[in-house]
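Structural overview
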Amino acid sequence: PSSPTRRRSMGDQQTRKRRPDWRTRLHGELAASQVRPFEWGSNDCALFAMRCVEAMTDDNPAATVAGKYKTAMGAAGVIKRAGHATLQEFAAANFPAIHPSRANTRDLAAVQTDDGIALGIFSRDRVHVMRRDGLGTLPRSAAVAAFRV
C-alpha cells in the first residue's frame, strides 16, 4: 500500500527519501504524461516535474498550487507569492542544487526554453520536459541547473 502524499510548504529544501519502487513509479508517470496535453495549472512543466517527484517520494512541494492558475502570468504570480523570483529559485528552495553533470535519473533539471526556464526530470542521457506541444525530451547538456531528488 502506498503512503499518503506528504505536502510540504513551498520552500522546504531537503533530499527526499525515495520509495523502493521509485523507478517503476517514475516510468509510469512518464508514460502517463505522454498522453496528457499541456495546460497551465494542471499539466505544465513545473507540475509535471513535481508529479514525477511525487511518484518517486510520495511528496509534492507544489501540490497546494495545482489548479490555482490558468496562464503563464498566473504561474509567475504563484511563484512570486511563495517568495521566489523564478521557477529555478523555487526548485533551489525545495531541492539541494547539484551540478548538472552529477545528476542521475530521478533528479530535476532546469532547462532554458523559448518561454524561459522549464523544469524537467533527468532520465539517463535525456531530460523529459512538458512543453506546450506535450512531453518531449532534450539532451542532458540542455540543463542549466540540476537539483537532487
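Residue numbers restart at each chain and count upward from 1, following the sequence in its written direction. In keeping with the model being predicted, local features are shown solely for residues with a pLDDT of at least 70 and side-chain atom pairs are shown and tallied solely at 80 or more, while totals for entire chains, interfaces and linings include all residues. Values reported for side chains reflect all heavy atoms of the structure, with hydrogen atoms and water molecules removed beforehand.

Here we come to the overall build of the protein chain. A count of helical and extended segments in the protein chain gives four helices and six strands. Relative accessible area decides the class of each residue, using a 1.4 Å probe on protein chains only: under 20% of the type maximum gives buried, over 50% gives exposed, and in between gives partly exposed. Expressed as a percentage of its 149 residues, the buried residues of the protein chain come to 49%. Considering only contacts in the protein chain between residues 6 or more positions apart, those separated by 24 or more positions represent 64%. Summed over its atoms, the accessible surface of the protein chain is roughly 7,500 Å², and 51% of this surface lies on carbon and sulfur atoms. Helix and strand assignments follow DSSP, with helices taken as H or I runs no shorter than four residues and strands as E runs no shorter than two, numbered in order from the N terminus. Whether two residues are in contact is decided by their heavy atoms: any pair within 4.5 Å suffices. Computed with a 1.4 Å probe, the accessible areas rest on the Shrake-Rupley method; for each residue, only the protein chains presented here act as cover.

Pairing between two strands requires that DSSP report at least two bridges joining them. Where strand E3 (residues 116-123) meets strand E4 (residues 126-131), four bridges bridge the pair, whose relative direction is antiparallel. Residue glycine 120 lies in a different strand from E4, and its bridge partner there is valine 129. Here E3 folds back onto E4 in antiparallel fashion, the turn holding two residues, of which arginine 124 has a positive phi close to 55 degrees. Relative to strand E5 (residues 134-139), E4 runs antiparallel, the two being bridged by six bridges. By the bridge assignment, valine 129 is partnered in E5 with glycine 136.

What follows covers helix H1 (residues 22-33). Each turn of an α-helix holds 3.6 residues, which means side chains three or four residues apart point in the same direction. With twelve residues, H1 should reach 16 Å at 1.5 Å per residue; the first-to-last C-alpha distance of 16 Å fits that figure. All of the buried residues in H1 are Trp22, Leu26, Glu29, Leu30 and Ser33. Buried positions in H1, seen along its axis, are confined to an arc of 100 degrees and lie on one side of it. Taken together, the buried residues of H1 touch helix H2 (45-57), E3, E4 and E5. Take the residue count of a helix, subtract one, and multiply by 1.5 Å to get its expected span. Think of it as the arc spanned by the lines of direction from the helix axis to the C-beta atoms.

Within the secondary structure, arginine 148 is located in the segment after strand E6 (143-147). According to the relative accessible area criterion, arginine 148 is buried, its value standing at 16%. We define a polar contact as two N or O atoms separated by no more than 3.5 Å, with the added condition that, inside protein, one atom must be a possible hydrogen donor and the other a possible acceptor, whereas residues neighbouring each other in sequence contribute only through side-chain atom pairs. One polar contact links arginine 148 to aspartate 107, side chain to side chain, over a distance of 2.3 Å.

pLDDT is defined as a per-residue confidence score from the predictor, taking values between 0 and 100. In the predicted model, the protein chain carries a mean pLDDT of 89, and 90% of its residues have values of at least 70. This model gives residues 1-11 a pLDDT under 50, and the stretch forms 30 contacts once residues within four places in sequence are excluded.

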